[in-house]
Amino acid sequence: MAAHGADAGGRVTITEIARQAGVSVPTVSRVVNGRSDVSPGTRARVEDLLRRHGYRKRPATSPSRAALLDLVFNDLDSPWAVEIIRGVEEVAHGAGVGTVVSAIHGRSGDAREWMRNLRARASGGVILVTSALESTLHEELRILGVPLVVVDPAGSPALNVPTIGAANWSGGLAATEHLLALGHRRIGMIAGPPRLLCSRARLDGYRAALEGSDITLDASLVVPGDFKPESGFTGCNVLLDLPEPPTAVFAASDQMALGAIEALRRRGLRVPEDMSVVGFDDLPEVRWSAPPLTTVRQPLAEMGKLAVRTVLRLTRDEQPDSPRVELGTDLVVRASTAAPAERG
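Quick notes on the rules
By convention here, each chain's residues receive numbers from 1 onward along its written sequence. Selection of residues for local features in this predicted model requires a pLDDT of at least 70, selection of side-chain atom pairs for listing and counting requires 80 or more, and totals for whole chains, interfaces and linings are taken over all residues. Excluding hydrogens and water, the side-chain figures rest on all heavy atoms present in the structure. Should DSSP find at least two bridges between two strands, the strands are regarded as paired. Numbering goes from the N terminus for both helices and strands, where a helix is a DSSP run of H or I of at least four residues and a strand is a run of E of at least two. For helices, the fitted line uses only the C-alpha atoms of the stretch in contact; every axis is such a line through C-alpha atoms, and the angle between N-to-C directions lies from 0 to 180 degrees. Here the term buried applies to any residue with accessible area under 20% of the maximum for its type, exposed to any over 50%, and partly exposed to those in between, with areas from a 1.4 Å probe on protein chains only.

Student: Explain the sheet that holds strand β5 (residues 163-166) residue by residue, including any values.
Tutor: Read from one edge to the other, the open sheet built from six strands follows the order β2-β1-β3-β4-β5-β11, with strand pairing classed as parallel. The two strands at the open ends of the sheet, each matched to only one other strand, are β2 (98-103) and β11 (324-327). Between one strand and the next, the sheet's axes are offset by a mean angle of 20°, whatever the strand orientation. Of the strand pairs in this sheet, β5 and β11 are connected by four bridges, and their pairing is parallel. Opposite A166, over in β11, you have L327 as the bridge partner.

Student: Any chance you could break down unusual backbone geometry for me, citing the residues and the numbers?
Tutor: Residue V271 is joined to P272 through a cis peptide bond whose omega torsion reads 5°. Structurally, P272 is set in the loop between α10 (254-266) and β9 (276-281). P291 follows A290 through a cis peptide bond whose omega is -5°. Backbone geometry places D282, a non-glycine residue, at a positive phi of 65°. By relative accessible area, D282 is classed as buried at 13%. We note that D317 has phi near 60°; this positive angle belongs to a residue other than glycine. Its location among the elements puts D317 in the loop between α11 (300-315) and β11.

This is the structure in structure tokens:
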């Protein structure tokens, strides 16, 4: 068992140094990096603690030493995560770099345990997927000289952290416009978690498409979900129980779309004859669903590939071409959508 305030290798953490010195983690960072904007008394106190604990800033990772990358998710219970991993592994393997995959489940304790393990294994870089780290952990990565890339950021990332995402707004717009072009006017949406930027962008795209067709948004047609099949099943049942159910549903993830299709099946309703369904992601299995799912293709594997290329550039002290990259999304039309049936 590591000592309190130490990592798995027994090394003291920056957070513990800050606690003992009675200063903030950024102040310790400024001392470690030789910054001048620290008072002499504070600098002396921090430097004394750094010496006593034998703390050494890890030098920047050279290309030959970037032998290991950390890939961190909030959860791993989704085919969506598998697609990201597939892209990461392909490029990392080709570069001779190993990958450690972790899930922190949004819990502070898990994130801190992961950080302790990262320090022990001297990882060369971190790819963080749809997750958020405490500011102190971000700072510790910076002090350690471990580059960070965020894929599909959960919230607004730090300005100095490169991000890779998808065109979620235009994807939501395209999905809804497809249904409008088929003649649907009452379109439900099963939205994703509102804390995620991608969820909000897809919902905004849905709203923009309705506004572009002079359709007033009916708030009862938007139901919450969490990207998992169960919430798609529940959300679709809520929509079906409305006095005037929608004729089509846009689910903000493929898994929720599959849950919605199951809810319709259990009620004896057919897709797309009784209700059209559109998803988002284009996971491999949806082309084999019954019926094959119309969806918005999100380039998940490509996002993983680009994340590895970006973090490896950072290990060589090379800056990415752009700190904010948004890959395009495409509507893939299959058999789950059709013109609305006449209702008596």
